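# Topology and contacts: notes
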There are 4 protein chains.
Amino acid sequence: MIKHVLANSFILCASLAAAVPSLAQAQSTEPRVYNSNITLVEVRAAQKAWGDALVKISDDFQSGGLAKAKTTANAVLDAAYGYNLGPVLFKPTLTVAPQTFRTTKEGALAYFVGGDTNFPNDSGFALKGWKKVDIVNAAVHINGDVASTMGKVVLTDAKGQSTTVDKTWTFKKDDSGVVRIVLHHSSLPYTPN
Amino acid sequence: MIKHVLANSFILCASLAAAVPSLAQAQSTEPRVYNSNITLVEVRAAQKAWGDALVKISDDFQSGGLAKAKTTANAVLDAAYGYNLGPVLFKPTLTVAPQTFRTTKEGALAYFVGGDTNFPNDSGFALKGWKKVDIVNAAVHINGDVASTMGKVVLTDAKGQSTTVDKTWTFKKDDSGVVRIVLHHSSLPYTPN
Amino acid sequence: MIKHVLANSFILCASLAAAVPSLAQAQSTEPRVYNSNITLVEVRAAQKAWGDALVKISDDFQSGGLAKAKTTANAVLDAAYGYNLGPVLFKPTLTVAPQTFRTTKEGALAYFVGGDTNFPNDSGFALKGWKKVDIVNAAVHINGDVASTMGKVVLTDAKGQSTTVDKTWTFKKDDSGVVRIVLHHSSLPYTPN
Amino acid sequence: MIKHVLANSFILCASLAAAVPSLAQAQSTEPRVYNSNITLVEVRAAQKAWGDALVKISDDFQSGGLAKAKTTANAVLDAAYGYNLGPVLFKPTLTVAPQTFRTTKEGALAYFVGGDTNFPNDSGFALKGWKKVDIVNAAVHINGDVASTMGKVVLTDAKGQSTTVDKTWTFKKDDSGVVRIVLHHSSLPYTPN
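All of these numbers come straight from a predicted model, not from anything done at the bench.

So, on to the relation of the copies chain A and chain D. Mapping chain A onto chain D leaves a residual RMSD of 0.0 Å; the transformation is a rotation of 180° accompanied by 0.0 Å of translation along its axis. Viewed as a symmetry operation, the transformation between the two copies matches a two-fold axis. Nearest to the rotation axis, the C-alpha of Ser 187 of chain A is located 3.2 Å from it, this being the minimum over chain A. A share of 100% of the interface residues of chain A reappears at the interface of chain D, consistent with the copies meeting face to face through the same patch.

Put into structure tokens, the structure is as follows:
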């Protein structure tokens, strides 16, 4: 039932954890159960998968250059974002008007790996040598098959330098049980003058 | 936040079990969580509460007559059905056209305890001396804050005689965390000629 | 995105009416919109499609025998029921214990066209020469991507004889925008002794 | 059924527009309909109400000082935010760690009007003389009773100076039909060095 097969097994595994709908075959008096609801456990797995994927793109850029990084980023967008469902509400950390919002997959791919003349300000956020992603959720809102999180995300690069962002995600569990990002708002913390 | 206080403590307790939303106060790195989703455990508790309530109405009819039974039935409808939210899709076991469906609380109350000249065919289903209710679910469908069940329900009266019905329920967990019946289709099993 | 292509164009058309998700491309200041919610219009279209499909199976049985009817019924189950999503809560009008509930596609197909030794009591409900289906909803409950209806359905056969059933459906709009039956409780009206 | 009555009639009216659930009384063959889904029209009304409320707090501060502004802000939070339902995922534009996120009503009130020693960095965002709020949505995601928007919001003050923010909101329509903000992420646009 998983539509997008990734070359990178670790991403696949992260997705698989959330991929199987809750179906229990009948036995004696136990009912068969269909459950489309998303759980906190699934949300946390999807958050971790996002961090792992970002590091993976950075690693692939280092080992295989832009072509390899772009292939991985494309697979990540197919597997972990909801562009197949419709527009994604994506405000990346470093975008500027008039291309602030990346509601299409093309815009998201350009943001992560750059090299797209249609998005001339994008230098490739995922190519910055990220090695570690830590996520601290302040609050979670679960409503049916969608769940939103808000919190701090700390990205650490190969030099040990870290960047903290304020991040909001909304995940939607699709019909196949895959948890997808349908909303993503990332911003640098406000700095008082 | 529970709007309907029942005189009958056992019904109140049954409702309370499902009444508290999943809110967890923040602690160190643990996020605060809002979760409106209904769970299989809550569904089963609501089913059991329905059975207990039916028996309670029967018992109250025996001990206190129609007035007492009607008071209890009224409280059950307020606490366990969703007439406060809007029309309820209710097809009781024994109703006939043109009053087959009881989308209003008045129609449901008439079905359970009778004595309403606006529903002349109702003799009071809950007054039939029910002592025990057994529920065997065939399947359950959980979708956000609503969940549907389908299965057999066996009602046993004081004489030990049982009636089996095919029953479908849909429950909705409201903003206060109370699980309410918003759909109820009950029918006698088909008897081939 | 429609996974199940039917040979019968009229069924396909009925499904197509509900098949396209609400996506509107951005224009100047108009936002792109994703909307997974089901509407009353979609529910009514799905109800009509169910009636049309029942008549189609009957017609195909008459013109092409059991093989043709079975092919059509199989396509209807793939296109209009949610067995691909998980168990369906299906209590057909004329089934008896211990096979009252048909939570699998095999059980549903047996009910509609018979001829399955695993379901020896099924004679094929859809083969009874149905020519017309009229649906009168008493109430509708819409909640996200699922909607339930309850009401009277009148089936009329080639001889002009009609059968009325009390029917409850729950429809779920899937990720592709296809509206599927995930719950179906049908029963003959209660007849007082 | 509206729990929070505001002194300011214009806010009340804005809320009322979204407050009545979709209930239609049965007539002849028209079914009674319960519909908990949120619509794009309701979302836009709630966005406009938020802008109107911000201007109202600013105006009340000018005409009646902090006490009047605080009373209005308190009423706005009760009427238009979902703190009564649970934690709200609120990242205001100008907050800093360790008080970046305002998951409680107290934290939100402090942000809007300041004067709370528990939130010493808050100077009162709503007191800055705002006169006009323009909202341009990039995309909207509707899922059951919740809907998210992402876009630009332009705030203009009494001097005609404007501030643009990138803003994400999630609204939830509650059981009474009131549309409430349950998620709010606001950030200043990224400025490249």
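That covers the picture; the talk isn't over yet.
To continue, consider the packing of helix α2 (residues 40–80) of chain C against helix α3 (residues 105–113) of chain C. Residue and element names in this part refer to chain C. The contact between α2 and α3 brings their axes to 13 Å, and the two run at 50°. It follows from the interaxial angle that α2 and α3 lie oblique. Contacts from Trp 50, Leu 54, Ile 57, Leu 66, Ala 69, Lys 70, Ala 73, Asn 74, Leu 77 and Asp 78 in α2 reach Lys 105, Ala 108, Leu 109, Phe 112 and Val 113 in α3.

For the pair chain B and chain D, the superposition axis carries a translation of 0.0 Å, the fit reaches an RMSD of 0.0 Å, and the rotation angle comes to 180°. A shared interface surface links the copies, since 100% of the contact residues of chain B are contact residues in chain D too.

Moving on to the environment of Ala 53 of chain D. All names here are of chain D. Checked against the element boundaries, Ala 53 lands in helix α2 (residues 40–80). Using a relative accessible area of 3% as the deciding quantity, one classes Ala 53 as buried. Along the chain, Ala 53 and Ala 80 lie 27 residues apart, while their C-alpha atoms are 9.2 Å from each other.

Reading across from one edge, β2(A)-β6(A)-β5(A)-β4(A)-β3(A)-β1(B) is the order of the six strands in this open sheet, with mixed pairing throughout. Here the strands that pair on one side only, and so sit at the sheet edges, are β2 (89–91) of chain A together with β1 (32–35) of chain B. On average, each strand axis in the sheet is tilted by 30° relative to the strand beside it, whichever way the strands run. Pairing between strand β4 (residues 146–157) of chain A and strand β5 (residues 162–173) of chain A: eleven bridges, direction antiparallel. Residue pairing across strands places Leu 155 of chain A opposite Thr 163 of chain A, the latter belonging to β5 of chain A. Packed on one face of the sheet, helix α2 (residues 40–80) of chain A meets β3 (130–143), β4, β5 and β6 (179–187) of chain A together with β1 of chain B and runs near 150° to β3 of chain A.

Moving on, we come to the interface of chain A and chain D. Taken together, the 35 residues of chain A in the interface contact 35 residues of chain D. Buried surface at the junction of chain A and chain D, summed over both partners, amounts to about 2800 Å²; 73% is from carbon and sulfur atoms. Here chain A is connected to chain D by ten residue pairs in polar contact (both at pLDDT 80 or more). It is β4 of chain A that contributes the most residues to the side of chain A that touches chain D, six residues altogether. Of the residues assigned to the side of chain A that touches chain D, the class counts are 16 nonpolar, 13 polar and six charged.

Scanning all chains against the criterion turns up 40 aromatic pairs over all chains. On the numbers, 6.0 Å between centres and 15° between planes, the contact of Tyr 81 of chain B with Tyr 83 of chain B is stacked. Each of the two residues, Tyr 81 of chain B as well as Tyr 83 of chain B, counts as buried. Where Phe 90 of chain D meets Tyr 111 of chain D, the ring centres are 6.2 Å apart and the plane angle is 85°; that geometry is what we call edge-to-face. In this pair, Phe 90 of chain D sits in strand β2 (residues 89–91) while Tyr 111 of chain D sits in helix α3 (residues 105–113), placing the two residues 21 residues apart along the sequence. Among the residues examined, Phe 90 of chain D registers a relative accessible area of 1% and is labelled buried. Classification of Tyr 111 of chain D by relative accessible area gives buried; the value is 5%. Connected via pairs of aromatic rings, a cluster forms that spans Tyr 81, Tyr 83, Phe 90, Tyr 111, Phe 112, Phe 125 and Trp 130 of chain A.

What follows deals with the interface of chain B and chain D. Residue-level contacts link 17 residues of chain B with 17 residues of chain D. Interface area for chain B against chain D, summed over the two sides, is near 1400 Å², with a carbon-plus-sulfur share of 54%. Considering only the surface of chain B that becomes buried against chain D, Arg 32, Pro 87 and Asp 175 of chain B emerge as the three largest contributors, covering 41% of it. Scanning the region where chain B abuts chain D turns up zero salt bridges. When residues of the side of chain B that touches chain D are assigned to their parent elements, the largest contribution, three residues, is made by β1 of chain B. In terms of residue class, the side of chain B that touches chain D is made up of six nonpolar, five polar and six charged.

Take the confidence of the model for chain A next. Atom-level detail of predicted coordinates should not be read off regions where pLDDT is low. Here chain A shows a mean pLDDT of 88. Residues at 70 or above account for 85%. Segment residues 1–27 of chain A is flagged for pLDDT under 50; beyond a separation of four residues in sequence, or across chains, it makes 49 contacts in the model.

Residue and element names in this part refer to chain D. Most of strand β5 (residues 162–173) sits out of view: nine of its twelve residues are buried. Hairpin remark: strand β4 (residues 146–157) followed by β5, antiparallel, with four residues in the connecting loop; positive phi at Gly 160, about 85°. The sheet contact formed by β5 and strand β6 (residues 179–187) spans eight bridges and is antiparallel. What sits directly across from Thr 168, in β6, is His 185. Where β5 folds back onto β6 in an antiparallel hairpin, the turn is made up of five residues, including Gly 177, whose phi is positive at roughly 90°.

Our focus in this paragraph is the environment of Val 179 of chain D. Residue and element names in this part refer to chain D. Mapping Val 179 onto the fold places it in strand β6. Judged by its relative accessible area of 8%, Val 179 is buried. Each C-alpha atom, one on Val 179 and one on Gln 47, is 9.9 Å from the other, the two residues being 132 residues apart in sequence.

The strand order across the open sheet built from six strands is β2(C)-β6(C)-β5(C)-β4(C)-β3(C)-β1(D), with neighbouring strands paired in mixed fashion. The open sheet has two free edges, formed respectively by β2 (89–91) of chain C together with β1 (32–35) of chain D, since each of these has just one partner strand. Geometrically, the sheet is characterised by an average inter-axis angle of 30° between neighbouring strands, direction not taken into account. Judged from the three bridges that link them, β2 of chain C and strand β6 (residues 179–187) of chain C form a sheet pairing that is parallel. Note on β6 of chain C: the bridge partner recorded for Lys 91 of chain C is His 185 of chain C. Strands β3 (130–143), β4 (146–157), β5 (162–173) and β6 of chain C together with β1 of chain D of the sheet are contacted by α2 of chain C, whose axis makes an angle of about 150° with β3 of chain C.

Cut-offs used in this document
Residues numbered from 1 in each chain as written. Chains lettered and ligands numbered in written order. Predicted model: local features only at pLDDT ≥ 70, side-chain atom pairs only at ≥ 80, totals over all residues. Heavy atoms only, no water. Least-squares fit on C-alpha atoms with pLDDT ≥ 70 in both. Contact = heavy atoms within 4.5 Å. Axes fitted to C-alpha atoms, helices over the stretch in contact; angles between N-to-C directions. Helix = DSSP H or I, 4+ residues; strand = E, 2+ residues; numbered from the N terminus. Parallel < 35°, antiparallel > 145°, perpendicular 65-115°, else oblique. Buried < 20%, exposed > 50% of the residue type's maximum accessible area, 1.4 Å probe, protein only. Pairing = 2+ DSSP bridges. Buried area = accessible area lost by both parts, 1.4 Å probe. Polar contact = N/O pair within 3.5 Å; in protein donor to acceptor, adjacent residues only side chain to side chain. Nonpolar A, V, L, I, M, F, W, Y, C, P; charged D, E, K, R; others polar. Phe/Tyr/Trp six-rings, centres within 6.5 Å; stacked < 30°, edge-to-face > 60°. Salt bridge = Lys/Arg side-chain N within 4 Å of Asp/Glu carboxyl O. pLDDT = per-residue confidence, 0-100.

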